[in-house]
Amino acid sequence: QVQLVESGGGLVQAGGSLRLSCVASGSIWTIDTMNWYRQAPGKQRELVAVIDSGGGSDYADSVKGRFTISRDNAKNTVYLQMNNLKIEDTAVYSCNIFLAPYSDLRVHDYWGQGTQVTVSS
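Residues numbered from 1 in each chain as written. Predicted model: local features only at pLDDT ≥ 70, side-chain atom pairs only at ≥ 80, totals over all residues. Heavy atoms only, no water.

**As for the sheet that holds strand β8 (residues 77-82)**
Thought 1: Pairing in this open sheet of 4 strands is antiparallel, and the strands run β1-β3-β8-β7 from one edge to the other. In the strand order of this sheet, the two ends are held by β1 (3-7) and β7 (67-72), each with one partner. Taken pair by pair, the neighbouring strands of this sheet meet at an average axis angle of 15 degrees, ignoring direction.
Thought 2: Here β1 runs beside strand β3 (residues 18-25); their pairing, made up of 5 bridges, is antiparallel. (Pairing = 2+ DSSP bridges. Helix = DSSP H or I, 4+ residues; strand = E, 2+ residues; numbered from the N terminus. Axes fitted to C-alpha atoms, helices over the stretch in contact; angles between N-to-C directions.)

So this is what it looks like as structure tokens:
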């Protein structure tokens, strides 16, 4: 059974920083792409950042230059460093990981439970 557990959300003032973590646990054979999404109240879910198995990354225009996605393959973990946070960054952030469990050696996508990030003025 594969599980994703996120941590690091919270309340921060505008201009501050937070670091989100998402750990994948269970019987994992290999991990491919790792993503962070966010969803604000009344808005559609938005892809914030993506990192591939080779370490290549991409970002939504709204967070470029402020957010950094990284991964630690030895720990099955993806991070999202968020700097210079803005009020409009307030949302529930969820990790999404494409991985293959040992149970069938096929890639599936898994989701974390989400963590709230609230940026105040």
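There's more to say after this.
**Looking at the packing of aromatic side chains**
Thought 1: One pass over the full model with this rule turns up 1 aromatic pair.
Thought 2: R19 extends its terminal NZ or CZ atom over the ring of Y79, reaching a point 4.0 Å from the ring centre.
Thought 3: R45 extends its terminal NZ or CZ atom over the ring of Y37, reaching a point 5.3 Å from the ring centre. (Phe/Tyr/Trp six-rings, centres within 6.5 Å; stacked < 30°, edge-to-face > 60°. Lys NZ or Arg CZ within 6 Å of the ring centre and 35° of its normal.)

**Some remarks on the pattern of salt bridges**
When charged atoms on two side chains of opposite charge get close, those side chains can pair.
Thought 1: Counted under the stated rule, the structure contains 4 salt bridges.
Thought 2: R38 is paired through a salt bridge with E46; the nearest N and O atoms lie 2.8 Å apart.
Thought 3: Since its relative accessible area comes to 8%, R38 is described here as buried.
Thought 4: In this structure, K64 and D61 form a salt bridge, with 3.3 Å as the shortest nitrogen-oxygen distance.
Thought 5: Classification of K64 by relative accessible area gives partly exposed; the value is 48%.
Thought 6: A network of salt bridges, in which partner residues are shared, links R38, E46, R66 and D89. (Salt bridge = Lys/Arg side-chain N within 4 Å of Asp/Glu carboxyl O. Buried < 20%, exposed > 50% of the residue type's maximum accessible area, 1.4 Å probe, protein only.)

**Some words on the state of the cysteines**
Thought 1: With the rule as written, the count across this model stands at 1 disulfide.
Thought 2: With a sulfur-sulfur separation of 2.0 Å, C22 is cross-linked through a disulfide to C95. Looking along the S-S bond of the C22-C95 disulfide, the torsion reads about 55 degrees, which is the right-handed sense. Linking C22 in strand β3 with C95 in strand β9 (residues 91-101), this pair joins segments that are 73 residues apart in sequence. (Disulfide = S-S within 2.5 Å.)

**Observations regarding the nonpolar core**
Thought 1: Counting 31 residues, the largest nonpolar core has W36, V78, L80, M82, Y93 and I97 as the members making the most contacts within it.
Thought 2: Taken together, the elements giving at least two residues each to this core come down to β3, β4 (28-39), β5 (46-51), β7, β8, β9 and β11 (115-120).
Thought 3: If you tally residues by element for this core, the top one is β9, at 5 residues.
Thought 4: Discounting chain neighbours no more than four positions away, the residues touching V78 are L20, S21, C22, M34, W36, I51, I69, S70, R71, C95 and I97. (Core = buried A, V, L, I, M, F, W, Y, C linked by side-chain atoms within 4.5 Å. Contact = heavy atoms within 4.5 Å.)

**Some remarks on the pairing of β9**
Thought 1: Across the 11 residues of β9, 9 count as buried, placing the element largely inside the fold.
Thought 2: In terms of strand pairing, β4 meets β9 through 9 bridges, oriented antiparallel. Within the sheet, the bridge partner assigned to N35 lies in β9 and is N96.
Thought 3: Sheet topology note: the β9/strand β10 (residues 108-111) ladder contains 4 bridges and is antiparallel. The residue of β10 that forms the bridge with I97 is Y110.
Thought 4: With antiparallel pairing between neighbouring strands as the criterion, β9 and β10 make up a hairpin whose turn holds 6 residues, including L105 at a positive phi of roughly 60 degrees.

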